[in-house]
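The residues making up each chain are set out below.
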Protein chains: 4
Amino acid sequence: MTLFFMIATETLVSLFLETRQHTENICKPLEIEDYVVQPIVDVSPPKWHLGHTTWFFEEFILKPHKPGYQLFHEDFAFVFNSYYENVGKRVIRNDRGNLSRPGVAKVYDYRLYVTNELKDFLFEEISSELEEILLIGIHHEKQHQELLTTDIKYILGNNPLLPKYNDSFLENPVQEFKQKWILMVEGIYEIGHHNPEEFCYDNELGRHKVYLQGYKISNKLVTNAEYLEFINAGGYKDFNLWHAEGWDWVKTNNISAPMYWHNIDGQWYQYTMQGLQKINLDAAVSHISYYEAFAFAQWKDCRLPTEFEWEAAQKNFEWGSRWEWTESAYLPYPDYTKAPGAIGEYNGKFMVNQKVLRGGSVATSPKHTRPTYRNFFQTNLRWQFTGLRLAK
Amino acid sequence: MTLFFMIATETLVSLFLETRQHTENICKPLEIEDYVVQPIVDVSPPKWHLGHTTWFFEEFILKPHKPGYQLFHEDFAFVFNSYYENVGKRVIRNDRGNLSRPGVAKVYDYRLYVTNELKDFLFEEISSELEEILLIGIHHEKQHQELLTTDIKYILGNNPLLPKYNDSFLENPVQEFKQKWILMVEGIYEIGHHNPEEFCYDNELGRHKVYLQGYKISNKLVTNAEYLEFINAGGYKDFNLWHAEGWDWVKTNNISAPMYWHNIDGQWYQYTMQGLQKINLDAAVSHISYYEAFAFAQWKDCRLPTEFEWEAAQKNFEWGSRWEWTESAYLPYPDYTKAPGAIGEYNGKFMVNQKVLRGGSVATSPKHTRPTYRNFFQTNLRWQFTGLRLAK
Amino acid sequence: MTLFFMIATETLVSLFLETRQHTENICKPLEIEDYVVQPIVDVSPPKWHLGHTTWFFEEFILKPHKPGYQLFHEDFAFVFNSYYENVGKRVIRNDRGNLSRPGVAKVYDYRLYVTNELKDFLFEEISSELEEILLIGIHHEKQHQELLTTDIKYILGNNPLLPKYNDSFLENPVQEFKQKWILMVEGIYEIGHHNPEEFCYDNELGRHKVYLQGYKISNKLVTNAEYLEFINAGGYKDFNLWHAEGWDWVKTNNISAPMYWHNIDGQWYQYTMQGLQKINLDAAVSHISYYEAFAFAQWKDCRLPTEFEWEAAQKNFEWGSRWEWTESAYLPYPDYTKAPGAIGEYNGKFMVNQKVLRGGSVATSPKHTRPTYRNFFQTNLRWQFTGLRLAK
Amino acid sequence: MTLFFMIATETLVSLFLETRQHTENICKPLEIEDYVVQPIVDVSPPKWHLGHTTWFFEEFILKPHKPGYQLFHEDFAFVFNSYYENVGKRVIRNDRGNLSRPGVAKVYDYRLYVTNELKDFLFEEISSELEEILLIGIHHEKQHQELLTTDIKYILGNNPLLPKYNDSFLENPVQEFKQKWILMVEGIYEIGHHNPEEFCYDNELGRHKVYLQGYKISNKLVTNAEYLEFINAGGYKDFNLWHAEGWDWVKTNNISAPMYWHNIDGQWYQYTMQGLQKINLDAAVSHISYYEAFAFAQWKDCRLPTEFEWEAAQKNFEWGSRWEWTESAYLPYPDYTKAPGAIGEYNGKFMVNQKVLRGGSVATSPKHTRPTYRNFFQTNLRWQFTGLRLAK
Ligand SMILES: [Fe+3]
Ligand SMILES: [Fe+3]
Ligand SMILES: [Fe+3]
Ligand SMILES: [Fe+3]
């Protein structure tokens, strides 16, 4: 983790408090039971997210740095650690949904306790190194806000009663403009984060040159209408469009449409945060895997942009409603080095067999994304608001 | 299902109401979160038990027989059916713990609604055939009361915080008498249920003769002290004591003690309904699989009794604190025939690759067991209060 | 292993040599490649059977008892031990088909070496205790002859080229008589082996009384014609006929006919030792699991006999072309005790979660079966020549 | 597949015949049994390689193009197709080792038949399009020669008898020079195949510019001596050195050394084509996964080169004894487009979740590799002669 930017303590404190509050706001529509379940390994119980983001501040700031700090509960590190091997044992991931205790009320107590302890601590002098960790903690929580949202969608959207989340979370904004191709000329482009006044993760740092061949990239995300054409043209039945392992995935899981799509009496519906609704044809397609994005692009005689093509062109189009699958594998930038210790586990250890997604989504927290932000997921995952933009 | 015995309507109503109430009493110590989780496939979420026992009355009595009955919720049959293939789709078993909805409050509403509807219905005239189904429904709920108790123990006892259930559920009564061998002479014995004034399941019916060789059976359950000797003598490391598939089970699952036993700094503890406690050496061993019961008996140069030996001898010893593994496979009695339709699925379809357990346990509901009662489980299961009695 | 019967040394030697020869005769039609493969875990490569039956004589007779005996190869015990935990490490079962070495020629060398060494040894005086082990070794090899035959059928019958084995092995003799019911009266019957002049396994010993209710048993095995009616009546689609775990087995494995049946353009064929042939309607059905035998009997409003019913009645009908599934679980007889050491692993450790089959089959070695013989398999297995006889 | 280079018919014929012969030479040391087994899913039986490379010529040249061509056997396409979805059903990959038929002699007959038929056909005029397919077929067979070699090593090296292959295949040549760092300056480099007189695969085509930051790359492969230091320093026990999924792989598979290494009484041995031998400390490490290569580089505070860095620098060092893991994911070059039909399945459909390896190995066929050659494997595979070269 190289150095970040300067920020006034007051701003930092209010950013911290805002973030803590926003997480809890996301949970407002939930019943207590919704906090507890883990229907698949990738989806964590909401109460786990609440505890885990809290544990991060306790483990990396309060415990090592605040004099006389008392742990809220000595077993919580065990329960709420996720994947940080440097910080002791952890509840293995698919066990999270088996834990009824600590209960939701206790987890909120834990949040309040840590928030207050940290707030107090922040008004004392803190080092710029600590400030950095705090900022990571805040952005870590922002990242979990998105997961919290998509995990809630999964929990409700896979319940046979299909309950709605609320009326205000709008996931299908319409792109009200015509599709056209943006032309990008061959040459050298600069890639990576470079604004010293803005937070970023270590995986974006090390601004460097890349050479791009000339290419075209669409100003518009692929819509549900276009994706429906692909389905109707037999896209899910033609192995020539798919990677070998994508085709295995289709066969093994009987995939024939994006996640949350339901065909009822010949009519397509989508589970949304407002419950089951007719497919909105003008909205951008969402909840597709990389395999599906790739196959769709093949079918269109196009391709997915690389993350460099995307970054070089992004000023020329609107983005932010879907995480856009790119063709790029998630790899370190030329000067990348893992930070030592647990913080170093944040990004580096995932840099194999995943794909980069660029942009942001309707579930991304306010101010959490930026043109250089590198999101990443395994190629088969669909529970995020993922979509695609074509290149050629 | 052959015919049962006569019972006054009033008695029946009060038995019904008592049973409904008792189920809810078992849940009193729970937090809402405890109602939701399913840590292993054999353990169901408590709210599922609450709903499923209710669904039984709705599905088999109210819906087909009460004129004008309105279903509480049309999707609940889907959610709360367990294994009755004759009654439509069901939530597959290891999905139960993924369902946050219907919530706990809604499930209690469902219970109240069905209890009241049924109570009203019972005060009208009901046929003796319906009375039989009602009795099965009541005893079905009593059976689930035991599962509810043991599932709660599993949920709490596998939580890293090891919370206690309550202070009053005593699972380790001491057998305050000396071990001795009861001698049973060779000859013909009568086996099976024969009291027309007492309820029983169809698998106990068809009283018939069996020929038993002379045998000895212990008056006392095997104690924790004896079982500890077996552990200390290397019982879990000597494959000669085990069935081949038992030995595979030991190796695959790294078994070295009964379920809920923890060795902390060389001292053995047991998770009980009151939390973690030192092993009570005088109590009967509990939470062991058939494989373990068999291996222990081999080590003692004894054997497990058959279910017939147990039934023939049971007047001569105390029983009821542990389900006692027998050597008998769970098979139909000579005249057994499956009842037609869904009720016929109750017992018959499980009569393969399971072992009979006799007796009852500290978790068995009041008046739910009897000398002819045939309980049955797969040979590897341990989450019930299972123990053993030796024969030779 | 209690004592057996007297036998002249000469008879014993010729029985031994005959048996060794017969095993090799079974392999005559094979190509070298056929000796090597293991398509499923239950099927062993023919060369493994050749080596394993040889190893038995080496391990239990020559090595401990013949003065100055030199092992043929010190690693062969590792390669050819099967499941005898008392005799060191073993190649785990589903690895047998991964071993190209020792090659077939070397395995035949091994056979010759051990056969000769043992023949020499037998002409010296041997103790009656050794005679017993020798007899077990001979019968062990006879048992493997049947497995060898059925494993060869599996290897050839699951090859896409469907090669035939030979022209002389006739697996579908016709029962040329009418079906009728044999009536057996209620009362006490004697069960178990009792002829001191005939070899038997320890699991048949301990002749004892059982009490049987009156019953009827068919004089005839169920035929392919009858089984086809069951298929055509939707037997594989009606869960009411099946055990719960049988139904899971049907669904998981897409079972819709006996093993080796192929439906080609609406016509049923069966792979036989002579290659693919039209179903012989008059032959006894073969290659069915216990689950299928049970479901068929349910559909006929009959049941399977217990092993005791079978043994008590067997003089009244022909048997020996199919192993007949019984309703009895494989359990020890009242006085059964496991022999100490490796020989004790022969039978006892399998006495859980298997079913007894009685009779014998077209693949059973000459003189290897008898009225008290207890064969046993898991309920899902079908690669033996298994069939059924109805009772009621 | 864009166009290739001109080649005289005679040269082509002799290249074809040479290649066919070389495949059979590789198999000379085998016993028939060695041709049959498939110990893991990635390893194919040698007879399958013999048949599959033959099938390629039959399927793509003789069958569609030679007038009046008679298939050798109509079921062989089913048996010997590998993954070409466009060409009908195929024997699923982990079933190959279950097929004893067609036998080895028959497969050699098949080879001879197709070789002769094709040789005859080649002396007639053939189109340049056919010439291209023929060249692909030849190089396809060369690729399988390497797999054949490494699969044979796996089959013999995982047999408990550890038989040797032959005396002449030397897998551990020593790099007799000192390690130094080659300095490469920042700037634009040209990547991809560009020699119109040399065969290449479609995945190398589309020569294009890339921008590289300045870097250093070692002139020498990492040796066994260096790798042993890593082991002794606890490299396999420090999760900080590993990717998260690499660490899971280490834990799940109990990895603690390269494949084929055995620690016997504290001394390290390696199974080689000449049997078990002491580790040659000066030889390049081999049979490691990408995960191990990455962890080793982390431990050295270095990294793996990208495939572009490797290609740009390769004139400055010796290569060809180990396939060298690079940091690059296997992705299409900018202008890559999949050829239509079955030939298009050759490369494109594998371009996800694999890593590029560069160089070649002791098992690579003569003239089969080149500076632009892009080999690719999943990150956990080790049965190839894989090694690594450091960069920084
Ligand atoms: Fe996190
Ligand atoms: Fe139930
Ligand atoms: Fe054996
Ligand atoms: Fe190939």
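Please read these numbers as outputs of a predicted model, since none were measured by experiment.

(A) Structural view of the overall build of chain A. Counting its regular elements, chain A contains nine helices and 11 strands. Relative to the 2.2 N^0.38 estimate, which gives 21 Å for 392 residues, the radius of gyration of chain A is 22 Å and therefore close to what a compact globule would have. Seen through its principal axes, chain A has C-alpha atoms that stretch 65 × 55 × 35 Å. Taken over 392 residues, chain A has a buried fraction of 62%. In chain A, the proportion of contacts linking residues at least 24 apart, taken out of those at least 6 apart, comes to 78%. With an accessible surface of roughly 15,300 Å², chain A has 51% of that area assigned to carbon and sulfur atoms. Placing the 39 positive and 50 negative side-chain charges of chain A at their respective mean positions leaves the two points 4 Å apart.

(B) The arrangement of the chains, seen in detail. For the four pairs of chains in contact, the largest share of contacts goes to chains A and D. What separates chain A from chain C at the closest point of their C-alpha atoms is a distance of 14 Å, and the two make no contact. Between chain B and chain D there is no contact, and the shortest C-alpha to C-alpha separation is 14 Å.

(C) Broad picture of the coordination of the iron ion (ligand 2). All names here are of chain B. Ligation of the iron ion (ligand 2) by protein atoms is provided by His52 (NE2), His140 (NE2) and His144 (NE2), these donors lying 2.2 Å from the ion. In primary-sequence terms, the residues that donate to the iron ion (ligand 2) follow H-x87-H-x3-H. Remark: His144 and His140 occur in helix H5 (residues 128-157); sequence separation between them is four residues, near one turn of the helix. When sorted by exposure, His140 lands in the same class as His144, which is buried.

(D) Representation of the sheet that holds strand S7 (residues 275-278) of chain D in the model. Residue and element names in this part refer to chain D. Read from one edge of the open sheet, three strands run S5-S6-S7, paired in antiparallel fashion. This sheet does not close on itself; its edge strands, each paired only once, are strand S5 (261-264) and S7. Looking at each pair of strands side by side, their axes are set apart by 35° on average, direction ignored.

(E) Inspection of the interface of chain C and chain B at higher detail. Facing 34 residues of chain C, the contacting portion of chain B comprises 34 residues. Taken over both partners, the interface formed by chain C and chain B buries close to 2,800 Å², and the fraction arising from carbon and sulfur atoms is 54%. Contact with chain B buries area across many residues of chain C, yet C:Tyr211, C:Val352 and C:Asn353 alone supply 19% of it, more than any other trio. Our count for the chain C to chain B interface comes out at 10 residue pairs in polar contact (both at pLDDT 80 or more).

(F) How the structure looks around the relation of the copies chain D and chain A. Here chain D sits on chain A after a turn of 180° about the axis and a move of 0.0 Å along it, with an RMSD of 0.0 Å. Taken together, these values place the two copies in the relation of a two-fold axis. When the interface residues of chain D are mapped onto chain A, 100% of them again lie at the interface, so the same face is used by both copies.

About the criteria used
- Residues numbered from 1 in each chain as written.
- Chains lettered and ligands numbered in written order.
- Predicted model: local features only at pLDDT ≥ 70, side-chain atom pairs only at ≥ 80, totals over all residues.
- Heavy atoms only, no water.
- Helix = DSSP H or I, 4+ residues; strand = E, 2+ residues; numbered from the N terminus.
- Rg over C-alpha atoms; globule rule 2.2 N^0.38 Å.
- Buried < 20%, exposed > 50% of the residue type's maximum accessible area, 1.4 Å probe, protein only.
- Contact = heavy atoms within 4.5 Å.
- Areas by Shrake-Rupley, 256 points an atom, 1.4 Å probe, with all protein chains shown as cover.
- Lys, Arg positive; Asp, Glu negative; His and termini not counted.
- Charge placed at Lys NZ, Arg CZ, Asp CG, Glu CD.
- Donors = N, O, S within 2.8 Å, 3.2 Å for Na, K, Ca; no water.
- Pairing = 2+ DSSP bridges.
- Axes fitted to C-alpha atoms, helices over the stretch in contact; angles between N-to-C directions.
- Buried area = accessible area lost by both parts, 1.4 Å probe.
- Polar contact = N/O pair within 3.5 Å; in protein donor to acceptor, adjacent residues only side chain to side chain.
- Least-squares fit on C-alpha atoms with pLDDT ≥ 70 in both.

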